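Spelled out, the chains give:
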Amino acid sequence: MRITIFGSGSGIPEIGKVQTCVGVELDGKMILLDVGEGASSSIAGSGIDVNMIEKIFISHTHADHFIGLPRLLQYFKWRNRTKPIEIYLPAKHIDAVEKFLAFLYIFRDRFDFEYKFLPLPEGEFFAIENLKMKLFPTKHLKKYKKYTELYGIETVSYGYLIEEVTNDGVNLKSFLFSSDLHSVDEVKDYLDGLDLLLIECSHIEIEDIIDVVSDFYIPRIILTHVSPDKDLTTMTEYARAKFDMNIQLAYDGMKIEL
Ligand SMILES: [Zn+2]
């Protein structure tokens, strides 16, 4: 499995950084995890064939994880995409997103490919052949609970747990992308046996990540979604020296082979 970090930026806009978007590729097929602002430019710059993108998952509809979607659909059109695509969103937001696209003059019948919005799947499922996925809930959105009744919005966000398996279901590689968290404890149950942890460092502190992660052996840890107001140099050096942790910062265009 190959992971491409198309967008490593945090919610705070920064020159030269695209917001959250991660591609996971296996056997020539790719899924996207979140599509933040600028994702289409980053994907265009990577030169990939847009037809290889099979499915898109949106962990929550904060703009830095979602607002790149309309531009990405348009980019697909301009690159003559014909293959249908499934886009998974929080169920409660699907109708609003359909309406929003109409106000951006994005209409299905003007596209040569079909796109379908579907609710985020529950439990384990295969995103593509040999790529097993599970979305785990996080409390990142809990501060919006008071708006649920008035606006009918979702207040559960999700992280992504992804496994490459053989045809017989044997695990080959495991990867977790946290998306946005409320607390580092939300990933704790899934850390054992991971080959790669891609974890955000905007809403949680690096000290807490190191504290929790140091109890596990994870061959590679990458910090993404790092606020530009944070300098993580001292703490990453500390983690390397004290725990022999293979810890790095993500950058746009970063590729990881697992
Ligand atoms: Zn975010």
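Every value quoted in this text rests on a predicted model; they were computed, and no experiment measured them.

Visitor: Just checking my understanding: could you explain the overall build of the protein for this structure?
Guide: Tallying secondary structure elements over the protein gives 7 helices and 14 strands in all. The C-alpha atoms of the protein give a radius of gyration of 18 Å, which matches the 18 Å a tight globule of 258 residues would have. Projected onto its principal axes, the C-alpha coordinates of the protein cover approximately 60 × 45 × 35 Å. Put simply, the protein shows about 12400 Å² of open surface, and 49% of that area lies on carbon and sulfur atoms.

Visitor: For this particular structure, what's the right way to read the packing of helix 1 (residues 39–46) against helix 3 (residues 69–78)?
Guide: Packed helices, taken two at a time, are described by the angle their axes make and the gap between the axes. Packing of helix 1 against helix 3 leaves a shortest axis separation of 8 Å and a crossing angle of 35 degrees. When helix 1 is examined against helix 3, the residues Ser-40, Ile-43 and Ala-44 are found in contact with a partner set consisting of Arg-71, Leu-72 and Tyr-75. Its residues assigned to classes, the contact of helix 1 with helix 3 comprises 4 nonpolar, 1 polar and 1 charged.

Visitor: Where do I start with the pattern of salt bridges in this structure?
Guide: Any two side chains of opposite charge can pair, given that their charged atoms come close. This structure, assessed with the given rule, holds 8 salt bridges. One salt bridge in this structure joins Arg-2 and Glu-257, with 2.7 Å as the shortest N-O distance. Residue Arg-2 is found in strand 1 (residues 2–7), and its partner Glu-257 is found in strand 14 (residues 254–257); the two are separated by 255 residues along the sequence. Among the salt bridges present, the one from Glu-205 reaches Lys-230, with a minimum N-O distance of 3.6 Å. Residue Glu-205 is located in the loop between strand 11 (196–200) and helix 6 (206–213), and its partner Lys-230 is located in the loop between strand 12 (221–224) and helix 7 (233–243); the two are separated by 25 residues in the primary sequence. Exposure remark for Glu-205: the relative accessible area of 38% places this residue in the partly exposed category. On the basis of relative accessible area, Lys-230 is assigned to the partly exposed category, the value being 21%. Counted as one network, the salt bridges with shared partners bring together Arg-2, Glu-25 and Glu-257.

Visitor: What is the right way to look at the coordination of the zinc ion in this model?
Guide: By definition of the ideal shapes, a tetrahedral metal site with four donors has angles of 109.5 degrees and an octahedral site with six donors has angles of 90 or 180 degrees. Those donors, Asp-64 (OD), His-65 (NE2), Asp-180 (OD) and His-225 (NE2), are the protein atoms that reach the zinc ion, and they lie 2.1 to 2.3 Å from it. Considering all 4 donor atoms around the zinc ion, angles at the metal cover 85 to 162 degrees and the coordination shape is irregular. Mapped onto the sequence, the donors of the zinc ion take the spacing D-H-x114-D-x44-H. Remark: Asp-180 occurs in the loop between strand 10 (171–177) and strand 11 and Asp-64 occurs in helix 2 (residues 63–66); sequence separation between them is 116 residues. Since its relative accessible area comes to 10%, Asp-64 is described here as buried. Take Asp-180: its relative accessible area is 1%, and that puts it in the buried class.

Visitor: I keep staring at the pairing of strand 2 (residues 21–26) and nothing clicks. Help me out?
Guide: In regular strands, side chains alternate between the two faces of the sheet. The element strand 2 is largely enclosed, with a buried count of 6 among its 6 residues. Covered by surrounding structure in strand 2 are Cys-21, Gly-23 and Glu-25 together with Val-22, Val-24 and Leu-26, the residues of both alternating faces. Pairing of strand 1 with strand 2, which is carried by 5 bridges, proceeds in the antiparallel orientation. Among the inter-strand pairings, Ile-5 is bridged to a residue of strand 2, identified as Val-22. Two strands pair when backbone bridges link them, and strand 2 and strand 3 (residues 29–33) are joined in this way by 5 bridges, in the antiparallel orientation. Bridge assignment links Val-22 to a residue of strand 3, and that residue is Leu-33. From the end of strand 2 to the start of strand 3, which pair antiparallel, there are 2 residues, and Asp-27 there has a positive phi angle of about 50 degrees.

Visitor: Please explain the environment of Glu-54 as it appears in this structure.
Guide: Among the secondary structure elements, Glu-54 is positioned in strand 4 (residues 53–57). C-alpha separation for the pair Glu-54 and Val-35, spaced 19 residues apart in sequence, amounts to 14 Å.

Visitor: Could you clarify how one ought to interpret a nonpolar patch on the surface in this entry?
Guide: A cluster of nonpolar side chains, Ile-67, Phe-100 and Leu-104, forms an exposed patch at the surface whose accessible area comes to about 200 Å². Here Ile-67 lies in the loop between helix 2 and helix 3. Using a relative accessible area of 33% as the deciding quantity, one classes Ile-67 as partly exposed.

Visitor: Is there a simple way to explain a negative patch on the surface in this structure?
Guide: On the surface, Glu-207, Asp-208, Asp-211 and Asp-215 cluster together to form a negatively charged patch. With respect to the secondary-structure elements, Asp-208 resides in helix 6.

Visitor: Explain the packing of helix 6 against helix 7 here, please?
Guide: Following both chains from N to C, one finds helix 6 and helix 7 inclined at 15 degrees, their axes separated by 10 Å at the closest point. By the angle between their axes, helix 6 is roughly parallel relative to helix 7. Note on packing geometry: the crossing formed by helix 6 with helix 7 is right-handed. Of helix 7, the residues touching helix 6 (which contributes Ile-206, Glu-207 and Ile-210) are Met-235, Thr-236, Tyr-238, Ala-239 and Phe-243. Across the contact of helix 6 with helix 7, the residue classes break down as 6 nonpolar, 1 polar and 1 charged.

Here is what the cut-offs are and how they apply
- Residues numbered from 1 in each chain as written.
- Predicted model: local features only at pLDDT ≥ 70, side-chain atom pairs only at ≥ 80, totals over all residues.
- Heavy atoms only, no water.
- Helix = DSSP H or I, 4+ residues; strand = E, 2+ residues; numbered from the N terminus.
- Rg over C-alpha atoms; globule rule 2.2 N^0.38 Å.
- Areas by Shrake-Rupley, 256 points an atom, 1.4 Å probe, with all protein chains shown as cover.
- Axes fitted to C-alpha atoms, helices over the stretch in contact; angles between N-to-C directions.
- Contact = heavy atoms within 4.5 Å.
- Nonpolar A, V, L, I, M, F, W, Y, C, P; charged D, E, K, R; others polar.
- Salt bridge = Lys/Arg side-chain N within 4 Å of Asp/Glu carboxyl O.
- Buried < 20%, exposed > 50% of the residue type's maximum accessible area, 1.4 Å probe, protein only.
- Donors = N, O, S within 2.8 Å, 3.2 Å for Na, K, Ca; no water.
- Tetrahedral: all angles 85-135°; square planar, octahedral: opposite > 155°, others 65-115°.
- Pairing = 2+ DSSP bridges.
- Patch = residues over 30% accessible without salt bridge, like charges linked within 9 Å, V, L, I, M, F, W, Y side chains within 5 Å.
- Lys, Arg positive; Asp, Glu negative; His and termini not counted.
- Charge placed at Lys NZ, Arg CZ, Asp CG, Glu CD.
- Parallel < 35°, antiparallel > 145°, perpendicular 65-115°, else oblique.
- Left-handed = near helix turned anticlockwise from the far one by under 90°.

These values are about where atoms sit, not about what they do.
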